[in-house]
Amino acid sequence: MILPYALLFFLGCIAVALVLNLWRLFTAPTVTDRILVLDTMTVNAIALVVAFGIWAGTGLYLEIAVLFALTGFVGTVAYCKYLLRGSIIE
Amino acid sequence: MRRLFPHPYLTLTLVILWFLLVNQWKLGSLVLALMLGTVIPLVTSAWWPDRPRVKRPFGLAAYAVLVLWDVIVANFQVARIVLFMPRDRIRSNWISVPLDLTSPEAISLLAGTITMTPGTLTADMSACGRALLVHALHAPDPDAVRDDIKARYESRLKRIFE
Amino acid sequence: MTPLLPLLLDFLLATVLIGGGIFALVGSYGLLRLPRPMQRLHAPTKATTIGVGAALFVSALDLAGQGQISWQEILITLFLLLTAPISALFLAKTLILRGEADPDLPATGTGTPWATLGSEHRDP
């Protein structure tokens, strides 16, 4: 009964969080900060997808969340590795 | 047998992970999972020369519960600092934690635990692998944090792995 | 089935969702508010993870309540719990190497330098 309202609240929170992240992405002082922001955005996007899956009442959206979780992490590590070593695959 | 399955636990983990991924019970999935579970440990065994030894698997489960609880508490503390503490009053500190653990698995587990729990974050390791560099978000007393990490997590991991 | 049990479950799930949403928001807000790069690393690694954790928890119980059991929530939770410390470690190493972290690193106490700054540059 109150779950749909809580879900709306959650979706709103994540949406605001993503806007804050975008703002930080444009105003970030360093490259490392931008990587951190992108990582946070990935995690927030996973939350958004999962919450939308609850809203739609199906487990299908979880597949997208799995893919996001897998690729987002690899992306973060690849960016960091590039800054750390100058190349990604040695 | 030993040469076909260099890491039986890794094979088992891969099979379970594959079933979590495909999310349904089918014989075809089991065949594919077993194939992956055999091939991946064989191909990557050059990078895992030693088998990780866990002396007390049940201790590991109890440890996971403790860490999960601490993660939830950690979030309340970090949220309070982020929201209400004036910026110039946040005392961030570097802490050097000397390690008693020697097994690589135990050290990586400790590093992960430190990152997930109250206001601390593993930042680096010494070149010889005998100390961890930890950054604390708000720690007026760095020595207390170091002692807390050693007493609460490292001693438990030492009992589980060594 | 008493009508009390679904009601309690509804309240529990709603509470978890609201808490998770607030934490996710706090994590992203901390990214904007905290002044120094190493401090900014703290907020998202923890607060955001619990936001996703809440959503996954609710998703698992809600779908189970409708009769579809999905195991993928466990997979995502496990994966996020395993990878969050690793990306945080990589980001911290990048900050240290590029000199954007607070420079007053303590001594290792073992006679060797920290791995990121050492001359023999090894993987973590």
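Residues numbered from 1 in each chain as written. Chains lettered and ligands numbered in written order. Predicted model: local features only at pLDDT ≥ 70, side-chain atom pairs only at ≥ 80, totals over all residues.

K.L.:
Any chance you could explain the overall build of chain B here in plain terms?
P.N.:
When you go through chain B residue by residue, the secondary structure sums to five helices and three strands. For chain B, the N- to C-terminal ordering of α and β elements is α-α-α-β-α-β-β-α. For a compact globule of 162 residues, the expected C-alpha radius of gyration is about 15 Å, and chain B comes in at 20 Å, more than 25% above that figure. Each principal axis of the C-alpha distribution contributes one length, and for chain B these read about 60 × 35 × 25 Å. Looking at chain B as a whole, 29% of its 162 residues qualify as buried. Looking at chain B alone, contacts between residues at least 24 apart form 69% of all its contacts between residues at least 6 apart. (Helix = DSSP H or I, 4+ residues; strand = E, 2+ residues; numbered from the N terminus. Rg over C-alpha atoms; globule rule 2.2 N^0.38 Å. Buried ≥ 20, exposed ≤ 12 C-beta atoms within 10 Å, placed from the backbone. Contact = placed C-beta atoms within 7 Å.)

K.L.:
Before we go on, may I ask you to explain the interface of chain C and chain A in this structure?
P.N.:
How big an interface is tends to be stated in terms of the accessible area lost upon association of its parts. Between chain C and chain A, the contact holds 49 residues from the first and 43 residues from the second. Elements with a minimum of two residues in the side of chain C that touches chain A: α1 (4-33), α2 (37-40), α3 (42-65) and α4 (72-97) of chain C. Taken together, the residues of the side of chain C that touches chain A break down into 27 nonpolar, 15 polar and seven charged. (Nonpolar A, V, L, I, M, F, W, Y, C, P; charged D, E, K, R; others polar.)

K.L.:
Got a minute to help me understand the environment of Asn-44 of chain A in this structure?
P.N.:
Residues and elements named next belong to chain A. Residue placement: Asn-44 occurs in helix α2 (residues 31-56). Classification of Asn-44 by C-beta neighbours within 10 Å gives buried; the count is 25. Measuring from C-alpha to C-alpha, the distance between Asn-44 and Tyr-82 comes to 24 Å, with 38 residues separating the pair along the chain.

K.L.:
Can you help me understand the interface of chain B and chain C in this one?
P.N.:
Facing the 33 residues of chain B at the interface are 45 residues of chain C. Sorting the residues of the side of chain B that touches chain C by element identifies α1 (8-22), α3 (57-84), β1 (93-98), α4 (104-116), β2 (120-125) and β3 (131-136) of chain B as the ones contributing at least two each. The biggest single contributor to the side of chain B that touches chain C is α3 of chain B, with six residues. A breakdown of the residues in the side of chain B that touches chain C according to their chemical character gives 20 nonpolar, ten polar and three charged.

K.L.:
Explain the pairing of β2 of chain B here, please?
P.N.:
Side chains on a regular strand alternate between the two faces of the sheet. Residues and elements named next belong to chain B. Within β2, six of the six residues are buried, which leaves it mostly tucked inside the rest of the structure. With five bridges connecting them, β2 and β3 associate as antiparallel partners. Considered in β3, the bridge of Met-125 is made with Leu-132. Counted between consecutive antiparallel strands, the loop separating β2 from β3 contains five residues, among which Gly-129 sits at a positive phi close to 80°. (Pairing = 2+ DSSP bridges.)

K.L.:
For this particular structure, what's the right way to read the domain arrangement of chain B?
P.N.:
In terms of domain boundaries, chain B breaks down into domain 1 (8-47) and domain 2 (57-161). Distance between the C-alpha centres of domain 1 of chain B and domain 2 of chain B: 32 Å. (Domains from an automatic or database assignment.)

K.L.:
Looking at this structure, how should I read the sheet that holds β2 of chain B?
P.N.:
By way of backbone hydrogen bonds, the strands of a sheet pair with one another, either parallel or antiparallel. Overall, antiparallel pairing links the three strands, which are arranged β1-β3-β2 (chain B) in an open sheet. Sheet topology places β1 and β2 of chain B at the edges, where each strand pairs with a single neighbour. Taken over all neighbouring pairs, the strand axes of this sheet differ in orientation by 30° on average, direction set aside. In the packing of helix α5 (residues 142-161) of chain B onto the sheet, contacts are made with β1, β2 and β3 of chain B, and the angle to β1 of chain B comes to roughly 40°. α4 of chain C rests against β2 and β3 of chain B of the sheet, and its axis sits at about 60° to β2 of chain B. (Axes fitted to C-alpha atoms, helices over the stretch in contact; angles between N-to-C directions.)

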